[in-house]
Amino acid sequence: MIIALSSAFSVAKEDKEGYETCILEYVSLAENGTSANLMTNACHRLYIDNFMLSDKDEAYFQCLLDYLPETKHLRTAMQVKSTCNSRHRSLFN
């Protein structure tokens, strides 16, 4: 049991350099504050707070990073967030 737990902890590893690269590649392109906040959170979840991150969650956060940088309006950012959520976190996927 202890061996299984220790191996699970080794999978969830903080990657500060990956986080910083994520911020520079995606958040620096943000056209609005909502997009920047959502992408900062996505970078954090993917590279820092990734313990027990499911494949669906990982795909959702990557979807946000792929499609949010160029959104200029709050409404558009929220539509992207909703679409990524339904595409990657839906119970029907």
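In the block above lies the structure referred to throughout.
Scope of this entry: the structure provided in the associated data block. (Residues numbered from 1 in each chain as written. Predicted model: local features only at pLDDT ≥ 70, side-chain atom pairs only at ≥ 80, totals over all residues. Heavy atoms only, no water.)

### Section: the packing of aromatic side chains
The description of two aromatic rings rests on the distance between their centres and on the angle between their planes.
Here comes step 1: In total, this model carries 1 aromatic pair according to the counting rule given.
Here comes step 2: When the ring centre of Tyr60 is taken as reference, the NZ or CZ atom of Arg89 above it lies at 3.9 Å.
Here comes step 3: Over the ring of Phe61 we find Arg89, and its NZ or CZ is 5.3 Å from the ring centre. (Phe/Tyr/Trp six-rings, centres within 6.5 Å; stacked < 30°, edge-to-face > 60°. Lys NZ or Arg CZ within 6 Å of the ring centre and 35° of its normal.)

### Section: the state of the cysteines
Here comes step 1: Following the criterion strictly, the structure yields 2 disulfides and no others.
Here comes step 2: Across the disulfide, Cys22 is cross-linked to Cys43 (sulfur-sulfur distance 2.0 Å). Across the S-S bond of Cys22 and Cys43 the torsion is about -75°, and the bridge reads as left-handed. In this pair, Cys22 is assigned in helix H2 (residues 16-25) and Cys43 in helix H3 (residues 33-47), connecting sequence segments 21 residues apart. Comparing Cys22 with Cys43 shows no difference in burial state: the two are buried.
Here comes step 3: Here Cys63 is linked by a disulfide to Cys84, with a sulfur-sulfur distance of 2.1 Å. As the torsion about the S-S bond is roughly -75°, the Cys63-Cys84 disulfide counts as left-handed. Of the two residues, Cys63 is situated in helix H4 (residues 55-67) and Cys84 in helix H5 (residues 74-88); the sequence distance between them amounts to 21 residues. When sorted by exposure, Cys63 lands in the same class as Cys84, which is buried. (Disulfide = S-S within 2.5 Å. Helix = DSSP H or I, 4+ residues; strand = E, 2+ residues; numbered from the N terminus. Buried < 20%, exposed > 50% of the residue type's maximum accessible area, 1.4 Å probe, protein only.)

Keep in mind these numbers describe shape, not what the thing actually does.
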